[in-house]
Amino acid sequence: MATRGQGAGAGNTIRVSDMEKMSLEQLKSLKEQSDLEVNLLQDSLNKIRTAAARLEIASSAIHDLSLRPQGKKLLVPLTASLYVPGTLDDADKVLVDVGTGYFIEKTMTEGKDYCDRKINLLKSNYEELIEMASKKKNIADEAGIVLQAKLRQSTSTT
């Protein structure tokens, strides 16, 4: 039995018995829609995974930075492959990018806590999306099976 998740517009339950009552066009449409939703959820999962990895790197960088003394020479990354020499001016404060070009000055501990909270939020969202994608995949698979059975049945009767 397939059920729709609690996503946008979902809340209906789709059973195999309901699918068997659908026309071929309705089944094709259901399968295409479910496949599309699975692909969108997979894209979202990839984006969450990337964001969590970036936050893990940022958290690690904050930890490494907190271990360095004030006045320490270091290389500052401008891009992924371009670094410039710099000096650690204030070993107790960091600027945290909170999105859309806004930065907030925080202590090293607050910056690390911010990263950890965001990582935990992303992990919980990731788990919810995996569950939703699994349900959508089951709906698509069951619709495909019912569709194939109906197509075989229609070709054997003609």
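Preceding this section is the structure that the text describes.
The sections below set out a description of the structure shown in this document. The written sequence of each chain sets the order in which its residues are numbered from 1. Where local features are concerned, this predicted model is filtered to residues with pLDDT of at least 70; where side-chain atom pairs are given and counted, the filter is 80 or more; whole-chain, interface and lining totals use all residues. Side-chain calculation: all heavy atoms of the structure are included, whereas hydrogens and water are not.

### Focus on the overall build of the protein chain
Point 1. Strands here are runs of E lasting at least two residues and helices are runs of H or I lasting at least four, both read from the DSSP assignment and numbered beginning at the N terminus. Looking only at helices and strands, one finds three helices and six strands in the protein chain.
Point 2. Mapped in sequence order, the helices and strands of the protein chain form the string β-β-α-α-β-β-β-β-α.
Point 3. Using C-alpha atoms as the atom set, the radius of gyration is obtained and then compared with a globule rule of 2.2 Å times the number of residues to the power 0.38. On C-alpha atoms alone, the protein chain measures out to a radius of gyration of 25 Å, which is more than a quarter above the 15 Å that the 2.2 N^0.38 rule sets for 158 residues.
Point 4. With the C-alpha coordinates aligned to their principal axes, the bounding extent of the protein chain is approximately 85 × 30 × 25 Å.
Point 5. The buried label goes to any residue with under 20% of its type's maximum accessible area, the exposed label to any with over 50%, and the partly exposed label to all in between, with areas taken from a 1.4 Å probe on protein chains only. The 158 residues of the protein chain split such that 25% are buried.
Point 6. Relative to all contacts within the protein chain whose residues are 6 or more apart in sequence, the contacts with residues 24 or more apart total 52%.
Point 7. Carbon and sulfur atoms form 54% of the exposed surface of the protein chain, whose accessible area is close to 10,800 Å².
Point 8. Treating the 22 positive side-chain charges of the protein chain as one cloud and the 22 negative ones as another, the clouds have centres 3 Å apart. Residue contacts are defined here by distance: any two heavy atoms, one from each residue, within 4.5 Å place the two residues in contact. Using a 1.4 Å probe, accessible areas were evaluated by the Shrake-Rupley method; residue-level cover was limited to the displayed protein chains. Within this scheme the basic residues Lys and Arg register as positive and the acidic residues Asp and Glu register as negative, but His and the chain ends are omitted. Just so you know, the charge point we use is NZ for Lys, CZ for Arg, CG for Asp and CD for Glu.

### Some words on the pairing of strand β4 (residues 83-87)
Point 1. DSSP-based pairing: two strands are paired if at least 2 bridges between them are found. In terms of strand pairing, strand β3 (residues 73-77) meets β4 through five bridges, oriented antiparallel. Across the sheet, Val76 pairs through a bridge with Val84, a residue of β4.
Point 2. Joining the antiparallel neighbours β3 and β4 is a turn of five residues.

### A look at helix α2 (residues 24-66)
Point 1. By this rule, a helix spans an expected 1.5 Å times one less than how many residues it contains. Between its first and last C-alpha atoms α2 spans 63 Å; for 43 residues at 1.5 Å apiece the expected length is 63 Å, and the two agree.
Point 2. For α2, every residue scored as buried is listed here: Leu27, Leu30, Ser34, Val38, Leu41, Leu45, Ile48, Ala51, Ala52, Leu55, Ser59 and Ile62.

### Thoughts on the layout of surface pockets
Point 1. Using protein atoms alone on a 1 Å grid, points that fit a 1.4 Å probe yet trap it form a cavity, whereas open point sets bounded by protein on both sides within 12 Å along at least five of seven lines form a pocket; residues with an atom within 4 Å of a point count as lining. Grid points are joined across faces, edges and corners, and a volume is the space filled by probe spheres set on the points. Quantified by volume, the largest pocket comes out at close to 990 Å³.
Point 2. The wall of the largest pocket is formed by 28 residues, among which Ala58, Ala61, Ile62, Val94 and Leu95 lie closest to the centre.
Point 3. If you list the elements that add at least two residues to the lining of the largest pocket, you get α2, β3, β4, β5 (93-99), β6 (102-107) and α3 (108-157).
Point 4. Broken down by element, the lining of the largest pocket gets its largest block of residues, nine residues, from α2.

### Thoughts on the environment of Glu20
Point 1. Relative to the assigned elements, Glu20 resides in helix α1 (residues 16-21).
Point 2. Separated by 130 residues in the primary sequence, Glu20 and Lys150 place their C-alpha atoms 8.1 Å from one another.
Point 3. Here Glu20 is in contact with Val146 and Lys150, once residues within four sequence places are set aside.

### Considerations on the side chain of Lys106
Point 1. With respect to the helices, strands and loops of the structure, Lys106 is situated in strand β6.
Point 2. Salt bridges are defined by distance alone: a side-chain nitrogen of Lys or Arg within 4 Å of a carboxyl oxygen of Asp or Glu. Of the side chains with opposite charge, Glu110 comes closest to the buried, unpaired Lys106, at an N-O distance of 5.2 Å.
Point 3. Those residues in contact with Lys106, other than ones at most four positions away along the chain, are Asp92, Lys93, Val94, Val96 and Gly111.

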